[in-house]
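Report on the structure
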Amino acid sequence: MIGSSEMGGAAARNYWRMARWTAALALLLTPLVMMQISDGWHWTPGSFVFAGIVIGGIVLLYELAERVSESRAYRAGVAVALLTSFLTVWTTIVRDDGNGIGFFLLVMAAVVGGFAAWFRPAGMARTMLGVAIMQALLSLAIATAPSTASMPDGGSRILLFGGLFTALWLASATFFRAAARSADTRQA
């Protein structure tokens, strides 16, 4: 028989799961509402399909991570990495300034590194640290590029943008490192 504390934990997870999917749906429906209010929003059906795949994929990946690990630190690391990946893809598509491939490659590096580490916490921490370093170097390269120098405040905007994303990748690495340490202490 299942104890009341186990049932309470399952019910709480169910509420969080419903909240995640509701937030994803609200995020997806926001452009539809904005298209009715403002002339500045022009989404095609393909845009909604793409956004649905990206947003739904992020939530599904988090659901998978939640089933795989009981560690809150590991789940937080996954959540921050997925959020950072989503924001990287989204802002790259919105900006469309010709530098997108480098940022897409950062997300791919995180994915490939995750597979190489078999999604274990210590390996994920190293992967996220590596991606943070790549983010910082890419941002520095773009900020100092001659094409960026012609834009007003271009270099400082790129450095601010890159610094924010570098901090997010580092936060994910920190959560994964905490998950690895707690796994090490449980095994010892």
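The following refers to the structure shown.

What counts and how
Residues numbered from 1 in each chain as written. Predicted model: local features only at pLDDT ≥ 70, side-chain atom pairs only at ≥ 80, totals over all residues. Heavy atoms only, no water. Core = buried A, V, L, I, M, F, W, Y, C linked by side-chain atoms within 4.5 Å. Buried < 20%, exposed > 50% of the residue type's maximum accessible area, 1.4 Å probe, protein only. Helix = DSSP H or I, 4+ residues; strand = E, 2+ residues; numbered from the N terminus. Contact = heavy atoms within 4.5 Å. Phe/Tyr/Trp six-rings, centres within 6.5 Å; stacked < 30°, edge-to-face > 60°. Axes fitted to C-alpha atoms, helices over the stretch in contact; angles between N-to-C directions. Parallel < 35°, antiparallel > 145°, perpendicular 65-115°, else oblique. Left-handed = near helix turned anticlockwise from the far one by under 90°. Nonpolar A, V, L, I, M, F, W, Y, C, P; charged D, E, K, R; others polar. Expected span 1.5 Å × (residues − 1). Patch = residues over 30% accessible without salt bridge, like charges linked within 9 Å, V, L, I, M, F, W, Y side chains within 5 Å. Areas by Shrake-Rupley, 256 points an atom, 1.4 Å probe, with all protein chains shown as cover. Salt bridge = Lys/Arg side-chain N within 4 Å of Asp/Glu carboxyl O.

**Some remarks on the nonpolar core**
In terms of nonpolar packing, the biggest core is built from 24 residues, with Y74, V78, M128, W169 and F176 touching the most fellow members. When residues of this core are traced back to their parent elements, those giving at least two are α2 (45-68), α3 (72-95), α4 (100-116), α5 (121-143) and α7 (154-187). Excluding anything up to four places from it in sequence, M128 contacts A81, A110, W169, S172, A173 and F176. One finds A24, A51, V54 and V59 within the second-largest nonpolar core, a separate group that totals six residues.

**Comments concerning the packing of aromatic side chains**
Here the structure, examined in full by the defined rule, presents seven aromatic pairs. Here the aromatic rings of W43 and F48 are separated by 5.0 Å at their centres, their planes lie at 55 degrees, and the arrangement is tilted. With 5.9 Å between their ring centres and 40 degrees between their planes, W43 and W90 make a pair best called tilted. Of this pair, W43 sits in the loop between α1 (4-37) and α2 while W90 sits in helix α3, and the two are 47 residues apart along the sequence. We classify W90 as partly exposed; its relative accessible area is 26%.

**Details of the packing of α4 against α5**
At a minimum axis separation of 9 Å, α4 and α5 run at an interaxial angle of 165 degrees. In terms of axis orientation, α4 runs roughly antiparallel to α5. Like other packed secondary-structure pairs, α4 and α5 cross with a definite hand, here right-handed. Contacts from G102, F103, L106, A109, A110, G113 and G114 of α4 reach α5 at M124, T127, M128, V131, M134, Q135, L138 and I142. Residues that form the contact of α4 with α5 fall into these classes: 10 nonpolar, five polar and no charged.

**Let's talk about α5**
Compared with the 33 Å implied by 1.5 Å per residue over 23 residues, the 32 Å span of α5 between its first and last C-alpha is a close match. Considered for burial, the residues of α5 that qualify are G123, M124, A125, T127, M128, V131, A132, Q135, S139, I142 and A143. For α5, the elements touching its buried residues are α3, α4, α6 (146-149) and α7.

**As for the side chain of T166**
Tracing the chain through its elements places T166 in helix α7. Setting aside anything within four residues of it in sequence, one finds T166 in contact with A132, Q135 and A136.

**Section: a nonpolar patch on the surface**
Taken together, the side chains of F50, I93, I101, F104, L105, M108 and V112 present a nonpolar region at the surface, about 650 Å² in accessible area. By the element assignment, V112 lies in helix α4. Residue V112 is classed as exposed on the basis of its relative accessible area of 52%.

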